[in-house]
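Observations on the three-dimensional arrangement
The residues making up each chain are set out below.
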Amino acid sequence: MIRKIFKQMLVAQILSAMTVMICMLVDSIMIGRFLGVDSMTAYGLASPVLLVFAAFGSMLSAGIQVACGKTMGNGDREATNACFSASVVLAVLISAVGMLLVLIFVNPICVLLGAGQPTPDNAVFTLTRDYLRGFILGAPAFIIAQISVPFLQISGNRGRLTAAVVVMTLSDILFDVLNVFVIKWETLGMGLASSLSYVLAVVVGGAYFLKKDCMFKLRLRSVKPRLCGELIGAGVPTVINQLSLVLLVFALNKILLDVGQNAAVAAYSVISTVGNICYCFGAGIASVALLLSSIFYTDEDKSALRELMKTMCRYAIVLDLAVIAVVLLAAPYLVQLFLRDDPGAGAMATLGLRLFSLSLLPCSLNTGLKNYYQGVDRTRFTEAISVMQNFTFTALFAFILSRIWGTTGVWLGFVCGESLTLLIIAAVVWIREKRIVISADAFSMLSKEFGVPEADCLEMSIQSVDEAIAASQRSVEFCAAHGESTKNCMLLALCVEEMVCNIVEHGFTKDRREHSVDLRLLFKGDTRVIRIRDNCVNFDPVNYLELHKTDDPVAHIGIRMVMKTVKSANYVNSLGLNNLTLVL
């Protein structure tokens, strides 16, 4: 089931990440081709402001995934709603303050960005200012769209998420074309086009949060300063990651100006633009890993974390090998989209793009591992990986190798930096394990005391009534092996058979999708826990009995017997899965 949910989440996450990059790619091509060099310069100068807002949005999104992963793992709906409310408040405050600051101080900001002074003959300054004014109006929608992604993933609304990103992409392209050929508002129109596309994405995706059956409820009274601090703190590794990338861009630009002048910087701009799209696959894998690892870690599900590690690495290898093959073959054609009139820079960019593509696989593995470790509370390790991967090693290798091979050495810096980072991660794992080993168990980096010992945990995957009955029998044997009385063994088996058979008989027939039930029996000290997870339609058996109270002793007898038998029952729906925890 973990593989299925990972695949389902991954498609939506990659589309979400790729849409923003494609929109930026379309904007840069339209501006460069139809609005001229001054407009392209203005767009480039304004990009740091866009990156700042993206950094805040990414920080909140990562904080949501970590914090809500923990609350969902605990089945705590109130805490999850509190996280939702706090994130909405933070998003509104950050975007509103940022928007006002840019609108009020737009002239000094343009000067700081390098657009020069606001004189009548300085077209670059005017174009930069106009673009910022157009873009900043959509800043609240931009950040709200970013924080909506994890909530739509948690609620299982991946179809709505996909629809939102498709609408954003198509509308941005349409508005860009209208601006260039009809309205002709130059950079102001390009900024407004982006803003309107973000607003439409929020309208499509945000409609879910207005529905009566939405699992998230906005309750402002639950927003506490401590909770806001926790959300921001959980997203700090993402901010460090973004800052490292900004420092790397500055460092590489300086090195390239030294060894290859303006043509080398232009080539790097092409590599960065294409590379950002290539990164979307690894970023999607890492984002899914962050959310799932937070949930499974809080749930103390060691086997799920191992399976997550395997699945994450498998997808990274397969997808990135395919992307590398495409880039190696298509590099000359991709470069021509940007540098068709500059053969020297084009040849440099083609070689650079091909060498850069070789770094994609270790980059995806590093990013996935980094996010996984963030989800399992190894925050310092996550931050160290970000700095090594995104700045220190890449910049160091680029500087050293550029002294030997010029710009080619800079491109090799990406491969060497990512590879060394991956080797250091492996070295940390091997030192911890006291041996060289490549396994999901070792790279999961879980303590020996984490979770329930394997001898005290029984796990099964069930696809039919026969398998449910067999699982009930295995439960009896498992309990008997732990010295439980015959009565207790039968009670536990009753709970398993009634609940799992009910899911198979009624949940599996609601649609034509493939379904399964994951069952875990846990002996935790004196506590006996049954955890049931299925991918059928939403069904809360606890709330169902409350809504269907009756004096008929036969009605809903299976669920009623189970609820009378257990000490407590907790249900939560997350990631489109039903999760039921029964404590005997």
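A quick note: this is a predicted structure, and the numbers were derived from the prediction, not measured. (Residues numbered from 1 in each chain as written. Predicted model: local features only at pLDDT ≥ 70, side-chain atom pairs only at ≥ 80, totals over all residues. Heavy atoms only, no water.)

**A look at the overall build of the chain**
In terms of helices and strands, the chain carries 20 helices and five strands. Seen through its C-alpha atoms, the chain measures out along the principal axes to roughly 90 × 55 × 45 Å. Across the 584 residues in the chain, those meeting the buried criterion constitute 53%. Taken as a whole, the chain presents about 25,900 Å² of accessible surface, with 64% of it coming from carbon and sulfur. Taking the average location of the 47 positive side-chain charges in the chain and that of its 44 negative ones, the two points are 2 Å from each other. (Helix = DSSP H or I, 4+ residues; strand = E, 2+ residues; numbered from the N terminus. Buried < 20%, exposed > 50% of the residue type's maximum accessible area, 1.4 Å probe, protein only. Areas by Shrake-Rupley, 256 points an atom, 1.4 Å probe, with all protein chains shown as cover. Lys, Arg positive; Asp, Glu negative; His and termini not counted. Charge placed at Lys NZ, Arg CZ, Asp CG, Glu CD.)

**A few points about the packing of aromatic side chains**
Two measures describe an aromatic ring pair: the distance that separates the ring centres and the angle between the ring planes. Enumeration over the complete set of coordinates arrives at 20 aromatic pairs. Note on Phe84 and Phe216: the rings are 5.4 Å apart at their centroids and 25° apart in plane angle, and the pair reads as stacked. Taken together, the residues Phe84 in helix 3 (residues 77-104) and Phe216 in the loop between helix 8 (186-206) and helix 9 (225-234) connect sequence positions 132 residues apart. This pair shows no difference in class: Phe84 is buried, exactly as Phe216 is. Considering the side-chain rings of Phe209 and Phe216, the 6.3 Å spacing of their centres and the 40° angle between planes classify their relative orientation as tilted. Here Phe209 matches Phe216 in class, with each residue buried. Every member of this aromatic cluster is reached through a ring pair, and the members are Phe53, Tyr131, Phe135, Phe142 and Tyr198. (Phe/Tyr/Trp six-rings, centres within 6.5 Å; stacked < 30°, edge-to-face > 60°.)

**A look at the pairing of strand 4 (residues 568-574)**
Where strand 4 meets strand 5 (residues 577-583), seven bridges bridge the pair, whose relative direction is antiparallel. Directly across from Asn570, in strand 5, lies its bridge partner Thr581. As consecutive antiparallel partners, strand 4 and strand 5 are separated by two residues, and within that stretch Leu575 has a phi angle of approximately 60°, a positive value. (Pairing = 2+ DSSP bridges.)

**Considerations on the sheet that holds strand 1 (residues 457-462)**
Here we have five strands laid out as an open sheet, ordered 1-2-3-5-4, and antiparallel in their pairing. Since the sheet does not close on itself, it has two edges, and those belong to strand 1 and strand 4, each with one partner. The mean inter-strand angle of the sheet, taken between neighbouring strand axes irrespective of direction, is 15°. Pairing analysis gives eight bridges linking strand 2 (residues 517-524) to strand 3 (residues 527-534), with the strands arranged antiparallel. Residue pairing for strand 3: Lys524 is matched across the bridge by Thr527. (Axes fitted to C-alpha atoms, helices over the stretch in contact; angles between N-to-C directions.)

**Quick notes on empty space enclosed by the protein**
The final tally for this structure, using the stated rule, is three cavities of 30 Å³ or more. Listed by contribution, the elements that provide at least two residues to the lining of the largest cavity are helix 1 (2-35), helix 10 (236-298) and strand 5. Across the lining of the largest cavity, the residue classes tally to seven nonpolar, two polar and one charged. (1 Å grid on protein atoms, 1.4 Å probe; cavity = no way out; pocket = protein on both sides within 12 Å on 5 of 7 lines; lining within 4 Å. Points joined across faces, edges and corners; volume = space filled by probe spheres on them. Nonpolar A, V, L, I, M, F, W, Y, C, P; charged D, E, K, R; others polar.)

**Examining unusual backbone geometry**
Phi is positive for Glu186, which is not a glycine, with a value near 50°. Accessibility expressed as a relative area gives 42% for Glu186, which makes it partly exposed.

**Some words on the pattern of salt bridges**
In the structure shown here, the tally under the stated rule is 17 salt bridges. One salt bridge in this structure joins Asp299 and Arg520, with 4.0 Å as the shortest N-O distance. Taken as a pair, Asp299 in the loop between helix 10 and helix 11 (302-339) and Arg520 in strand 2 lie far apart in primary sequence, 221 residues in all. Look at Asp299 and you get buried, because its relative accessible area is 9%. Arg520 gets classed as buried once you look at its relative accessible area, which sits at 9%. A salt bridge links Arg306 to Glu454, with the nearest nitrogen and oxygen atoms 3.2 Å apart. Here the residue Arg306 occupies a position in helix 11, and Glu454 occupies one in the loop between helix 16 (440-444) and strand 1, the gap between them amounting to 148 residues. With a relative accessible area of 59%, Glu454 lands in the exposed category. Salt bridges sharing common partners tie together Asp299, Asp301, Glu459, Arg520, Arg531 and Arg533. (Salt bridge = Lys/Arg side-chain N within 4 Å of Asp/Glu carboxyl O.)

**Some thoughts on a nonpolar patch on the surface**
A cluster of nonpolar residues, Phe34, Ile173, Leu174, Val177, Leu178, Phe181, Val182, Ile183 and Trp185, forms a patch on the protein surface that exposes about 830 Å² of accessible area. Take the nonpolar patch: its biggest share by element is seven residues, from helix 7 (residues 158-183). Tracing the backbone shows Phe181 in helix 7. (Patch = residues over 30% accessible without salt bridge, like charges linked within 9 Å, V, L, I, M, F, W, Y side chains within 5 Å.)

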